[in-house]
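# Architecture at a glance
Residue strings, one per chain:
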Amino acid sequence: MAHILDDYAVLSPLRYKNNWLKIAIVTFGLLVGVSSFSPLVPFLIAICMSFATIYFGKIPASFYLRILGAPAGFVLVSAVIIAFFFGEGAKLFSFDVLGFTLGVSQAGLDMALLVLARTLGGMSCLFFLSLTTPMIELFSVLKATRLPDSFLEIAMMMYRYIFVFLDVAIGVRYAQSVRLGYKDFRTSFRSMVMLGTNLFIRSWEQGEKIFVSMNARCYDGKLIILEEKRPVKFPEAILTLVYFTLVILTFYFTRGASVL
């Protein structure tokens, strides 16, 4: 999934927009979303970020909804549990299960909606960034923040080796599958053990090959990261300002709402 996300980020038209502006939009959405006590604000952030990702980022709606469905399903289950087991006061409705009375109060329902909204808002912001900005460009932004070079190099190598492991694992598993290595539970368990063993050995060998290729390209212990200058255009600044204003106004008019 990480490889697919990065592929979409490379092809997205928003890739060529200012990275600092995108990070500011995402940071603003995350901070305001978790600071609001009304679910309206994070829901608004989720709608705006999803629209920007699909419409401006040219991300297929079916793919976006599919990746958003995983965290949404998880938090939906959590929200149902919160609604039934948290909050005090009069019950909006209740029923008996095996001699126990389960019910939902207004406070519990408000808290469940707030958790659901905050999660969707935060995930929409993160997906906006990951689907419109390739990882290598995020590393260039981190380098501009004057982080230690060793930290960035370790992070870049870790990111690169994720795909080394994936390529090796996919190749070995495919070879096992065509040889009926997963025809039953016992065979599948044995194949998984062999996959883990071969994955370590093959990944080590692949890592050595990458190190040799880097040395052949005059690697001197420092990875050069180039950052392209992309000034913020006037329409982008106006659209961002409108988004910020809309969210702040919604936050202001719902600031009295509380789930506690």
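For the structure itself, consult the block above.
Throughout, residues of each chain are indexed from 1 in the direction in which the sequence is written. Residue-level local features of this predicted model are given only where pLDDT is at least 70; pairs of side-chain atoms are given and counted only at 80 or more, and the full residue set underlies all totals for whole chains, interfaces and linings. As a rule here, side-chain values come from all non-hydrogen atoms in the structure, and water together with hydrogens is ignored.

## A closer look at the packing of aromatic side chains
Aromatic ring pairs are defined here through the distance separating the ring centres and the angle between the ring planes. The criterion for an aromatic pair is that two Phe, Tyr or Trp rings (for Trp, the six-membered ring) have centres within 6.5 Å, with stacked assigned to planes under 30 degrees apart, edge-to-face to planes over 60 apart and tilted to the rest. All chains considered together, the criterion is met by nine aromatic pairs. Here the aromatic rings of Tyr 8 and Phe 63 are separated by 4.3 Å at their centres, their planes lie at 25°, and the arrangement is stacked. In this pair, Tyr 8 is assigned in helix α1 (residues 2-11) and Phe 63 in helix α4 (residues 61-85), connecting sequence segments 55 residues apart. Look at Phe 51 and Tyr 55: their rings are 5.1 Å apart centre to centre, the planes differ by 10°, and that puts the pair in the stacked class. Here Tyr 55 and Phe 51 lie together in helix α3 (residues 40-56), a separation of four residues that amounts to about one turn. A residue is classified by how much of its surface remains accessible, and Tyr 55, at 47% relative accessible area, is partly exposed. The ring of Tyr 55 is capped by Lys 58, whose NZ or CZ atom sits 5.3 Å from the centre of that ring. Over the ring of Tyr 182 we find Arg 173; its NZ or CZ atom is 4.4 Å from the centre of that ring. The secondary structure listing takes helices from DSSP runs of H or I that are at least 4 residues long and strands from runs of E that are at least 2 residues long, numbered from the N terminus. Burial classification: accessible surface area is computed with a 1.4 Å probe over protein chains only, and a residue below 20% of its type maximum counts as buried, one above 50% as exposed, and the rest as partly exposed. Here, a charge over a ring means that NZ of Lys or CZ of Arg falls within 6 Å of the ring centre while also lying within 35 degrees of the ring normal.

## With respect to a nonpolar patch on the surface
A surface patch of nonpolar side chains, about 410 Å² in accessible area, is lined by Phe 51, Tyr 55, Phe 56 and Leu 239. Here the nonpolar patch takes three residues from α3, the largest share from any one element. Like charges are joined within 9 Å and nonpolar side chains (Val, Leu, Ile, Met, Phe, Trp, Tyr) within 5 Å, but only among residues with over 30% relative accessible area and no salt bridge; these make up the patches. Under the convention used here, a 1.4 Å probe and the Shrake-Rupley method define accessible areas, while residue burial counts only the protein chains that appear. Here, a salt bridge means any Lys or Arg side-chain nitrogen found within 4 Å of an Asp or Glu carboxyl oxygen.

## Notes on the pattern of salt bridges
If charged atoms from side chains of opposite charge come close, those side chains can pair. In total, this model carries three salt bridges according to the counting rule given. Three or more residues joined by partner-sharing salt bridges are found here, namely Arg 15, Glu 137 and Arg 230.

## What about the nonpolar core?
For our purposes a nonpolar core is just a set of buried Ala, Val, Leu, Ile, Met, Phe, Trp, Tyr and Cys residues, chained together by side-chain atoms within 4.5 Å. Counting residues in hydrophobic clusters, the biggest one holds 17 residues, and the most contacted among them are Val 32, Ile 45, Met 49, Phe 128, Tyr 243 and Val 247. Apart from residues lying up to four places away in sequence, Ile 45 is in contact with Gly 29, Val 32, Gly 33, Gly 121, Cys 125, Tyr 243 and Val 247. Grouped together as the second largest cluster of nonpolar side chains are nine residues, Val 75, Ile 82, Ala 112 and Leu 116 included. Working rule for contacts: check all heavy atoms of both residues, and any pair within 4.5 Å makes them a contact.

Keep in mind that these numbers describe shape and distance, not what the molecule does.
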